[in-house]
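Letter by letter, the chains look like this.
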Amino acid sequence: ISSIERKQLIDSYYRPHHDRLTKAVREAVHNGEQCLVLDCHSFPSKALPYELDNSLDRLEICLGTDEFHTPDWITDLAARTFQDAGFNVAINEPFAGALVPSVCYQSDDRVLALMIELRRDLYMDEATGEKVADFLESRQKLRACIGKIASGPNV
């Protein structure tokens with residue numbers, strides 16, 4: 001895409017999204033409370049050409065962490081929750097990191113963060129984009145897991 005189209009996309013989608021996220025996080029921690037940012041994505045079952053290591057066994061759930069914003073208890077809770085629901089889990093593979101608004105990054109320990117990446121074949125046929133046969137069951141299990149993590153013991 002052209003640099004003009006890129007700027008339009010950033011101004012139309014990226015900036016408003018991150019402005020809303022920053023505002024929500026600031027409001028959540030305003031009274032000294034903690035805030036947990038759960039950033040959810042999906043990834044293909046096979047590595048894309050830009051990925052450095054395409055030899056990894058891509059487990060169903062990838063949890064991305066940040067050394068400052070993801071305490072061990074969150075990683076442990078999330079991994080255990082997904083494993084108890086029957087999913088296999090990797091930490092920071094094939095993707096690492098967690099989304100934190102830049103104004104809080106590495107400076108506000110009340111802002112907790114975890115990235116949750118789902119392998120796409122859990123919910124769709126990657127060739128056609130159609131839902132898989134057990135889509136509703138997978139969705140229900142994933143929603144329950146995310147709910148448990150979001151209402152964890154210290155959030």
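Residues numbered from 1 in each chain as written. Predicted model: local features only at pLDDT ≥ 70, side-chain atom pairs only at ≥ 80, totals over all residues. Heavy atoms only, no water.

Enquirer: I'm lost on the pairing of strand E2 (residues 61-64) in this one. Help?
Expert: Two faces, one strand: in a regular strand the side chains alternate between the faces of the sheet. Alternating residues of E2 divide into Ile 61 and Leu 63 and Cys 62 and Gly 64, and every residue in both groups is buried. Across three bridges, the pairing between E2 and strand E3 (residues 89-91) is parallel. From the neighbouring strand, Leu 63 faces E3, where its bridge partner is Ile 91. Following the backbone out of E2, through helix H2 (residues 72-84) and into the adjacent parallel E3, one traces a crossover that is right-handed. Judged from the four bridges that link them, E2 and strand E4 (residues 111-119) form a sheet pairing that is antiparallel. Bridge assignment links Gly 64 to a residue of E4, and that residue is Met 115. (Buried < 20%, exposed > 50% of the residue type's maximum accessible area, 1.4 Å probe, protein only. Helix = DSSP H or I, 4+ residues; strand = E, 2+ residues; numbered from the N terminus. Pairing = 2+ DSSP bridges. Right-handed = clockwise from strand over helix to strand, strands pointing away.)

Enquirer: Would you mind showing me how to read H2 here?
Expert: What sets the pattern is the α-helix's 3.6 residues per turn: residues three or four places apart point alike. An ideal rise of 1.5 Å per residue puts 18 Å on 13 residues; H2 measures up with 18 Å between its terminal C-alpha atoms. Taken together, the buried positions of H2 are occupied by Ile 74, Thr 75, Leu 77, Ala 78, Ala 79, Thr 81 and Phe 82. Summarising the contacts, the buried residues of H2 are in contact with strand E1 (35-43), E2, E3, E4 and helix H3 (135-150). One or two positions beyond H2, positive phi appears at Gly 86, with a value near 100 degrees. (Expected span 1.5 Å × (residues − 1). Contact = heavy atoms within 4.5 Å.)

Enquirer: How should unusual backbone geometry be read in this particular structure?
Expert: It is generally the case that most residues other than glycine have a negative phi and that most peptide bonds are trans. The step from Glu 93 to Pro 94 runs through a cis peptide bond, and the omega angle for that step is 5 degrees. Phi at Asn 92 takes a positive value of approximately 60 degrees, unusual for a residue other than glycine. Residue position: Asn 92 is located in the loop between E3 and E4. Residue class for Asn 92 comes out partly exposed when judged on its relative accessible area of 25%. A positive phi angle is found at Gln 106, which is not glycine, with a value near 60 degrees. Locating Gln 106 in the fold gives a position in the loop between E3 and E4.

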